[in-house]
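Listed below are the residues making up each chain.
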Amino acid sequence: MKRTIISIIVLLALVGATFYFNTSKTGSVEVKPIVGYQAPDFTIQDMEGNTLNLADLKGRPIFINFWASWCPPCRAEMPHIQAAYEKYGNQIQFVMINTIEADTLEDLKAYIAEAKLTFPVYLDKKNLVNDLYQVPGWPTSLFINKKGMIVERLTRPMTAEMTESLMQSILK
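Residues numbered from 1 in each chain as written. Predicted model: local features only at pLDDT ≥ 70, side-chain atom pairs only at ≥ 80, totals over all residues. Heavy atoms only, no water.

Side note on the side chain of Thr-99
With respect to the helices and strands, the residue Thr-99 is situated in the loop between strand 4 (93–98) and helix 3 (105–115). Given the relative accessible area of 1%, Thr-99 is considered buried. Among the polar contacts made by the side chain of Thr-99, one reaches the side chain of Asn-130 at a distance of 2.6 Å. Residue contacts for Thr-99: discarding those within four places in its chain leaves Trp-67, Asp-124, Asn-127, Asn-130 and Trp-138. (Helix = DSSP H or I, 4+ residues; strand = E, 2+ residues; numbered from the N terminus. Buried < 20%, exposed > 50% of the residue type's maximum accessible area, 1.4 Å probe, protein only. Polar contact = N/O pair within 3.5 Å; in protein donor to acceptor, adjacent residues only side chain to side chain. Contact = heavy atoms within 4.5 Å.)

Looking at the nonpolar core
By size, the foremost hydrophobic cluster in this structure holds 27 residues, and its most contacted members are Phe-63 and Trp-67. When residues of this core are traced back to their parent elements, those giving at least two are strand 3 (62–67), helix 2 (72–88), strand 4, helix 3, strand 5 (121–123) and helix 5 (160–171). Of all the elements, helix 2 adds the most residues to this core, at five residues. Each residue touching Trp-67, except ones within four places of it in the same chain, is listed here: Cys-74, Met-78, Met-96, Ile-97, Asn-98, Thr-99, Leu-108, Tyr-111, Ile-112, Leu-117, Val-121 and Trp-138. Core analysis: the second largest hydrophobic core is formed by 18 residues, Ile-44, Val-129, Val-135 and Ile-150 among them. (Core = buried A, V, L, I, M, F, W, Y, C linked by side-chain atoms within 4.5 Å.)

Next comes the structure, spelled out in structure tokens:
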């Protein structure tokens, strides 16, 4: 009887230890392109050929927007994003990603000039970042806090109020 009780206690201790080590945090953070997870790292170039590595921005809030110059919903939200850039560009890193495979460089440059956009535009020449972030369509926006965690992901155009509220949320 005594041996059975000791065996059960040892067995429960082993099961408990196994459960603890399999579910406890190991110091690494899971990376996924969805809310509640660390934003996946990528490297991309802007229109002038300057390279940006997302991991280098850790410690700073980040706004990522996937868009195309011909996309009507993208165009609808651009004035709100430009206003946010003018207000928060020194506090939040804006990463405006154009999928150049779905656009042309000439159309992109013409739209930027026409809309008087001043934020940096990065070119996803082979859809690598779009695929990494599983972008279902344009516009898609991600708001990333100072810890590199995605706090919001939108797959629709933003209003001015939404843009302001979400910018404020990643500054906290």
